[in-house]
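Listed below, chain by chain, are the residues.
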Amino acid sequence: MMLESTLKSWRFYSYSLIQLLIEPGLFFKELAEKTTLRRTLGFMVICCGFFAGASLLTGAYSKPVWIMAIIFFVNAAGMIIISSLLGYTAMVLIFGKRSAFSIIFSLYAFSSGVTLFMSWLPFLLWFTEPWKWWLIYTGFKNTCGFTWKQAVVILLVSMPVQFFLIYSAIIAFV
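Residues numbered from 1 in each chain as written. Predicted model: local features only at pLDDT ≥ 70, side-chain atom pairs only at ≥ 80, totals over all residues. Heavy atoms only, no water.

Chemist: Explain a nonpolar patch on the surface to me, please; I cannot follow it from the model alone.
Modeler: Taken together, Ile82, Leu93, Ile94, Val153, Val157, Val161 and Leu165 make up a surface patch of nonpolar side chains, about 560 Å² in accessible area. Listed by contribution, the elements that provide at least two residues to the nonpolar patch are helix H4 (65–95) and helix H7 (148–173). Inspection of the secondary structure puts Val153 in helix H7. (Patch = residues over 30% accessible without salt bridge, like charges linked within 9 Å, V, L, I, M, F, W, Y side chains within 5 Å. Areas by Shrake-Rupley, 256 points an atom, 1.4 Å probe, with all protein chains shown as cover. Salt bridge = Lys/Arg side-chain N within 4 Å of Asp/Glu carboxyl O. Helix = DSSP H or I, 4+ residues; strand = E, 2+ residues; numbered from the N terminus.)

This is the structure:
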């Protein structure tokens, strides 16, 4: 029974990854029907785990490997959670509650998760960040039914807020 459950999870994970790479619009149209919060969290944990492990290959660190792995994992997962909270807040403040937080969280988790497979390479930041935000935009349009203008407004409000939150945290803690 557990083996069957694990295989089902990996099948969904593989399907999601492939769909996000080749047909993101279709993936986001089907998102609300095909995913649950548990599946979303599973996808996020797998992607953040891969990111944490792969990030350890990018250099020598002053802290032990296991501490750096936790830092990379928490950073990746934290950014997904913060981004989805800011996107949801922007949506509610500007357009009213049009979608449940779990749907918004799912589109951020899947969009961010697929880009984590390449974003552990620091020089790919210039590719993965625009791709992630384009996927989120696609999710707002295809999952939530927003017009392109509404989706862009949500992103134009939430992205600068996120940037300044991160910037202020860097100044405060570094």
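Chemist: I'm lost on the pattern of salt bridges in this one. Help?
Modeler: On inspection of all chains with the given rule, the structure shows two salt bridges. As a salt-bridge pair, Lys34 and Glu30 come within 3.4 Å of each other at their nearest N and O atoms. Here Glu30 and Lys34 lie together in helix H2 (residues 24–34), a separation of four residues that amounts to about one turn. One salt bridge connects Lys132 with Glu129, and the closest N-O pair in it is separated by 3.3 Å. Here Glu129 and Lys132 lie together in helix H6 (residues 125–142), a separation of three residues that amounts to about one turn.

Chemist: So what exactly am I meant to see when it comes to the packing of aromatic side chains here?
Modeler: Geometrically, a pair of aromatic rings is defined through the distance of the ring centres and the angle of the planes. On inspection of all chains with the given rule, the structure shows 19 aromatic pairs. Considering the side-chain rings of Trp10 and Tyr13, the 5.3 Å spacing of their centres and the 90° angle between planes classify their relative orientation as edge-to-face. Placement of both Trp10 and Tyr13 in helix H1 (residues 2–22) is noted, with a separation of three residues, approximately one turn of the helix. Under the relative-accessibility criterion, Trp10 is labelled partly exposed at 45%. Judged by centre distance (5.8 Å) and plane angle (70°), the rings of Phe140 and Phe146 are edge-to-face. In this structure, Phe140 and Phe146 share a single accessibility class: buried. Each residue in the set Trp10, Phe12, Tyr13, Phe27, Phe28, Phe43, Phe50, Phe110 and Phe117 is aromatic and connected to the rest through ring pairs, giving one cluster. The ring centre of Phe12 lies 4.3 Å from the NZ or CZ of Arg39, which sits over that ring. (Phe/Tyr/Trp six-rings, centres within 6.5 Å; stacked < 30°, edge-to-face > 60°. Buried < 20%, exposed > 50% of the residue type's maximum accessible area, 1.4 Å probe, protein only. Lys NZ or Arg CZ within 6 Å of the ring centre and 35° of its normal.)

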